[in-house]
Each structure stands twice: as C-alpha cells, then as structure tokens.
Amino acid sequence: MTEKSAQLKLGDNTLDLPIYSGTIGPDVVDVSQLTGAGVFTYDPGFVSTAACESKITYIDGGKGILLHRGYPIDQLADHSDYLEVCYLLLYGELPTAAQKEQFVSTINNHTMVHEQLRGFYQGFRRDAHPMAIMCGVVGALSAFYHDSLEISDEQHREIAAFRLIAKMPTLAAMCYKYSLGQPFMYPKNDLSYSENFLRMMFGVPCEDYEVNPILAKAMDKIFILHADHEQNASTSTVRLAGSSGANPFACIAAGIAALWGPAHGGANEAVLNMLTQIGDVSNVEKFVAKAKDKNDPFRLMGFGHRVYKNYDPRAKVMRETCHEVLGELGIKDPLLELAMKLEEIARSDQYFIDKNLYPNVDFYSGIILKAIGIPTSMFTVIFALARTVGWVAHWHEMISGSYRIGRPRQLYTGSPQRDFVPLDKR
Ligand code: SDX
C-alpha cells in the first residue's frame, strides 16, 4: 500500500490520517488513531467503511463490474464451473487440469454427512422453513468434526473448507426431502457437483434418476453467480464471528442466519412471492407506485443494491440464462414476462432512475430455480449453498493473516450516569 495522508482538523489539533491505495478501486483512509484523539467515526450501515483488506473479489458498483480474483463474473459463468470457481476463490488462481481433478475428487470424498446428523432433522416440524434447519444443522457440524476445529492449523482450516463446500448440497437436499417426508438420498460421487445436488433433491431410492443436463448446467451457473460478493452483510457476519476465534462451522451458520433476511439473500424468495402477488402485467403500474410511496413499506424486491448503482452483472447473466433454460425446456413462464415488464416499467420511471435502482442478482434467479423444480422456500438455501465458498474463502483469508477481534463502538445517546432509586421511592 502506498502512503498518502488526509488532514483532519479536530479542535486545535490537525491529525494526519494515512491513505492507502489498493490494486484497483477507492483509496482508504486509516482512521484507527481517532480513538486516541477521543472521537469515533460514525457510519451506520457501513456505507463508507472498508472493514478489511482482501484479494478475493472486487466490485465496481458504478460500472457494474464484478471480478473474482480478477476474472469477470460473466466470463466465469460462461466458461468455468462451480468447483473450478471454488478453487479460484480459495487459492487465488484457476486450477490446472491436474489440480482441478484433485480438488474435485477431494470434495467428492466429503459429500456424505455423519449418520447421526440425520436425526437432527427429526427435531424440526415438517413445515419448518429450510433456512431454520440449515442454521441449526450447519452449526451442529462443529459437534461432529472435532478434527478440523483448530483454526490455527492450516490443515484443519483446509479440511473444514472442503467439508463445508462438499456437505452443503447434501444438507440442503435433506431439508427438502424432510419437508416432503421422503427418504434422504445419499450423494453419488460419480456425478458432478450440481448433478449430485439435483439427484439428492429429486431422486428417490426406488428408481434411477436421470439428471437433465440443461438443468444441471443452469444449476451450476446459478451456484457460480452466487459464490461470492465482497464484504456483503453475511460475509461480514462470518468475518466478525471468525474474528473471535469461533470454529468455521459456527461462523458459516452465522452467515446463513444473516443471509436469511429479505433485504439480503431472502430477496430471491421474496421476488417470487412479489411476482405471484402482482399476478398480471396490468397490476405492474400499481405496484411500482406502491414501491415509490414513502408511506408504503412495499419495496420492489430484487431491485436496488448498496453497491451497484448500475445493472448487477450477475442479473444480466441470470436474465440471459432465464431465456436459455426456459427456451430449451420449452417452458413459457408468465412470471418471466411479468418480471421483464416490471423491469421495463421500473427502469423507465424517474424514481428508479434517480435512485440508481436496477435489478440485482435476486430478480431473475427465482424464475430459473422454479423452472428447475425447486420450491420457493428453498431459494435462499440455494443461495447459502452457493455462497458457502465465498464465506469460507473470506474466513480463511482472515484467519490465515493477521487479524484482531472485531469490536465496533457507538454514538451513545442514552441516559447520563444516575444513582439507583429504591423501589419504594419510584
Ligand atoms: C443481495 O451487499 C451485497 O453484495 C448483497 C448481495 C450479495 O451477493 O451478497 O448482492 C445479495 O442482498 C442483493 C439485494 C437483495 N435485496 C433486495 O432486492 C431487497 C430490495 N432492495 C432493497 O431493500 C435495497 O435496495 C437494499 C437493501 C438492497 C439496499 O439498501 P440500501 O443500500 O440501504 O439503500 P436504501 O434502503 O437506503 O435505499 C436508498 C433509496 C431509499 O429511498 P430514500 O430513503 O433515499 O428516499 O432507494 C430506495 C429506498 O427507499 N429503494 C427502493 C428499493 N431499494 C431502495 N425503493 C423501492 N424498491 C426498492 N427495491
């Protein structure tokens, strides 16, 4: 990092705050000395705060650019596959053929879960939201894998990463099977990552299951598009949990919980529910008006983004994939027409133009997931499955380097100190 500085006048003092430059993107101002000057920075929602240094993912929100280790997301979506992107995110380089073969075989050797974990599902109601189950079950992995909890041991960190990437599809499919009352399907390791997942989701023990290659390819592309996204809310949650030294399974469970919210990963489920609620193109204008009304809590789900003030590059790929997959399957989904009309009307509306509100990754993803046969309630679980590699890569990057426990401060506006009042005096 190159040293420049910013001067901050505080009362009679002028502080020299170092400025660091990254490879690309905005410079950062190091404000760590401010505590010593008796003040804190104030940035609710971390709109202008860089919480860490990272080499994994770069986003240019103004230009709608997303790079994973320097590679543009559209090139990875078109030419790579999910496990290759996992290798890239974890190790920083695209794998050679031999490295890829080794990595795929390693992941395949970790796809099964401890048999006793199956019992964990029995404790949930059949209609439990699958994200509730995932929060519990992923956290519970730390009770089964004591040989990969020593976070200071590189070997342990790597095995934990392999286990999490490998087991998420198995655990996710088990959520779906449990909701149906169908038997869990064991992974079949001669299948690809997405083929294995689809078979565990839709196969049954009493007959062979032929994976549709179109759906497997679409599933893999969706995994790629959700793999990582810089310091978003759930990734920041994983980093904060990891900074206390918590084990990787607990950290990923915390990330799953943070992702669940409708403002974040829960938006894909909310988009499908919103499109179903809108129902018909004739209602679009009414709902766009509701989204603009400050007094109406309704928001256009799948629209807007904290960082992108341009089209989310993932949404572009997702929209193209929608047309490809539905076309190849011969499906005419009225929800796709509705989504396209909604985008067209919203993006020509001054409110959305002024606020730079564009479709984000969640706007079209649900339509493809629906075409694959995945129920709406499982959409955010798919997001969590795919994002696990991003969470793990950031966790690993932090723990492998130097880090301190994250401990933000506050602007206190509560009561000044006062003495206790006995009950009979109140
Ligand atoms: C993801 O961070 C990431 O990288 C996340 C993610 C990832 O890969 O990890 O990209 C995944 O979470 C995508 C976002 C999914 N969420 C949604 O689609 C929910 C709908 N969108 C919003 O709730 C909102 O746009 C957020 C949460 C995404 C962003 O919120 P911000 O940055 O805090 O922006 P804001 O809420 O302050 O909105 C700015 C203005 C407001 O109006 P004003 O108060 O300035 O007048 O834009 C308006 C908002 O009311 N606005 C919307 C809107 N989104 C923002 N108005 C209508 N519909 C919307 N969708």
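See the structure printed just above.
Residues numbered from 1 in each chain as written. Predicted model: local features only at pLDDT ≥ 70, side-chain atom pairs only at ≥ 80, totals over all residues. Heavy atoms only, no water.

S.K.: Explain the site of the ligand here, please?
M.R.: Taken together, 24 residues are adjacent to the ligand, and His229, Leu300, His305, Arg306 and Arg314 come closest. One of the side-chain nitrogen or oxygen atoms of Arg299 is found 2.9 Å away from an oxygen atom of the ligand. Within the side chain of Arg306, a nitrogen or oxygen atom sits 2.7 Å from an oxygen atom of the ligand. Across the complex, the protein chains shield 77% of the 1,000 Å² of accessible surface that the ligand would expose by itself. Split into classes, the residues belonging to the shell around the ligand amount to 10 nonpolar, 7 polar and 7 charged. (Near = heavy atom within 4 Å. Polar contact = N/O pair within 3.5 Å; in protein donor to acceptor, adjacent residues only side chain to side chain. Areas by Shrake-Rupley, 256 points an atom, 1.4 Å probe, with all protein chains shown as cover. Nonpolar A, V, L, I, M, F, W, Y, C, P; charged D, E, K, R; others polar.)

S.K.: What's the story with the pattern of salt bridges in this structure? I'm lost.
M.R.: Any two side chains of opposite charge can pair if their charged atoms end up close together. Taken as a whole and assessed by the stated rule, the structure comprises 21 salt bridges. A salt bridge links Lys63 to Asp60; the shortest N-O distance between them is 3.6 Å. A salt bridge links Lys290 to Asp296, with the shortest nitrogen-to-oxygen separation between them at 2.9 Å. Taking the relative accessible area as the measure of exposure, Lys290 reaches 26% and is therefore partly exposed. Sharing partners across several salt bridges, the network here consists of Asp78, Lys221 and Glu324. (Salt bridge = Lys/Arg side-chain N within 4 Å of Asp/Glu carboxyl O. Buried < 20%, exposed > 50% of the residue type's maximum accessible area, 1.4 Å probe, protein only.)

S.K.: I would appreciate a short explanation of the packing of helix α8 (residues 213-225) against helix α17 (residues 379-400) in the present structure.
M.R.: At their nearest, the axes of α8 and α17 sit 8 Å apart, and the two run at 65° to each other. Taken together, the axes of α8 and α17 are roughly perpendicular relative to one another. Seen along the crossing, α8 lies across α17 with a hand that is right-handed. Of the residues in α17, those in contact with Met219, Ile222 and Phe223 of α8 are Ile382, Leu385 and Ala386. (Axes fitted to C-alpha atoms, helices over the stretch in contact; angles between N-to-C directions. Helix = DSSP H or I, 4+ residues; strand = E, 2+ residues; numbered from the N terminus. Parallel < 35°, antiparallel > 145°, perpendicular 65-115°, else oblique. Left-handed = near helix turned anticlockwise from the far one by under 90°. Contact = heavy atoms within 4.5 Å.)

S.K.: Help me understand the sheet that holds strand β6 (residues 71-72) in this model?
M.R.: Strand pairing in a sheet relies on backbone hydrogen bonds, with the paired strands running either antiparallel or parallel. Sheet architecture is open: 3 strands sit in the order β4-β5-β6, paired in antiparallel fashion. The outermost strands of the open sheet, each flanked by one partner alone, are β4 (57-60) and β6. (Pairing = 2+ DSSP bridges.)

S.K.: Sorry, what's going on with the sheet that holds strand β2 (residues 13-20) here?
M.R.: Spatially, the 3 strands line up as an open sheet ordered β1-β2-β3, and their pairing is antiparallel. Across the chains shown, the open sheet's two edge strands, defined by having one partner strand only, are β1 (4-10) and β3 (28-29). With 2 bridges joining them, β2 and β3 adopt antiparallel strand pairing. Residue pairing in the sheet places Ile19 in a bridge with Val29 of β3.

S.K.: What am I meant to see in the packing of aromatic side chains here?
M.R.: A ring pair, where both rings are aromatic, is described by two values, the distance of the centres and the angle of the planes. Counted according to the given criterion, the structure contains 19 aromatic pairs. Linked through ring pairs, Phe303, Tyr351, Phe352, Phe363 and Tyr364 together constitute an aromatic cluster. Its guanidinium or amino end placed over the ring of Tyr178, Arg126 lies 4.1 Å from that ring's centre, counting from NZ or CZ. (Phe/Tyr/Trp six-rings, centres within 6.5 Å; stacked < 30°, edge-to-face > 60°. Lys NZ or Arg CZ within 6 Å of the ring centre and 35° of its normal.)

S.K.: Explanation requested: the pairing of β4 in the structure shown.
M.R.: Both faces of the sheet carry side chains from a regular strand, because those side chains alternate between them. For β4 and strand β5 (residues 65-68), the ladder comprises 4 bridges, and the chain directions are antiparallel. The residue of β5 that forms the bridge with Thr57 is His68.

S.K.: Hey, could you run me through the nonpolar core in this one?
M.R.: One broad rule of soluble globular proteins: the nonpolar side chains tend to lie buried together. Counting residues in hydrophobic clusters, the biggest one holds 123 residues, and the most contacted among them are Tyr82, Val138, Leu171, Phe197, Met219, Ile256 and Ile374. If near-sequence neighbours (up to four positions away) are discounted, Tyr82 is found in contact with Tyr193, Asp220, Phe223, Ile224, Ala227, Leu385, Ala386 and Val389. (Core = buried A, V, L, I, M, F, W, Y, C linked by side-chain atoms within 4.5 Å.)

S.K.: Explanation requested: the environment of Asn109 in the structure shown.
M.R.: Topologically, Asn109 is positioned in the loop between α3 (97-108) and α4 (115-122). With a relative accessible area of 62%, Asn109 lands in the exposed category. With 57 residues separating them along the chain, Asn109 and Ala166 place their C-alpha atoms 8.1 Å apart.

S.K.: So what exactly am I meant to see when it comes to the pairing of β2 here?
M.R.: Relative to β2, β1 runs antiparallel, the two being bridged by 7 bridges. Within β2, the position partnered with Leu10 by the bridge is Asn13. Once β1 ends, the chain turns through 2 residues before running back antiparallel as β2, passing Gly11 with a positive phi of about 60°.

S.K.: What should I look at first to understand helix α7 (residues 193-202) in this one?
M.R.: Owing to its 3.6 residues per turn, the α-helix brings residues three or four apart onto one side. Here α7 lies mainly inside the structure; 8 of its 10 residues are buried. For α7, every residue scored as buried is listed here: Tyr193, Ser194, Asn196, Phe197, Leu198, Arg199, Met200 and Met201. For α7, the elements touching its buried residues are α2 (82-91), α3, α6 (154-180), α8, α16 (362-372) and α17.

S.K.: Hey, could you run me through α16 in this one?
M.R.: Most of α16 is tucked away, with 10 of its 11 residues classed as buried. Among all positions in α16, only Asp362, Phe363, Tyr364, Ser365, Gly366, Ile367, Ile368, Leu369, Ala371 and Ile372 are buried. Phi turns positive, to about 105°, at Gly373, one or two residues after α16.

S.K.: Would you explain the side chain of Asp43 in this entry?
M.R.: Tracing the backbone through its elements, the reader meets Asp43 in the loop between β3 and β4. Although Asp43 is buried, it forms no salt bridge, and the closest oppositely charged side chain is Arg306 at an N-O distance of 7.1 Å. Only 3.1 Å separates the side chain of Asp43 from the backbone nitrogen of Val47, close enough to count as a polar contact. In contact with Asp43, other than residues within four places in its own chain, are Ser48 and Thr49. (Lys, Arg positive; Asp, Glu negative; His and termini not counted.)

S.K.: How should the state of the cysteines be read in this particular structure?
M.R.: A covalent bond between the sulfur atoms of two cysteines is referred to as a disulfide. The tally for this structure, following the rule as stated, stands at 0 disulfides. Between Cys86, a cysteine without a disulfide, and Cys251, which holds the nearest cysteine sulfur, the sulfur-to-sulfur distance is 18 Å. On the basis of relative accessibility, which here comes to 0%, the residue Cys86 falls in the buried class. Given the relative accessible area of 0%, Cys251 is considered buried. (Disulfide = S-S within 2.5 Å.)

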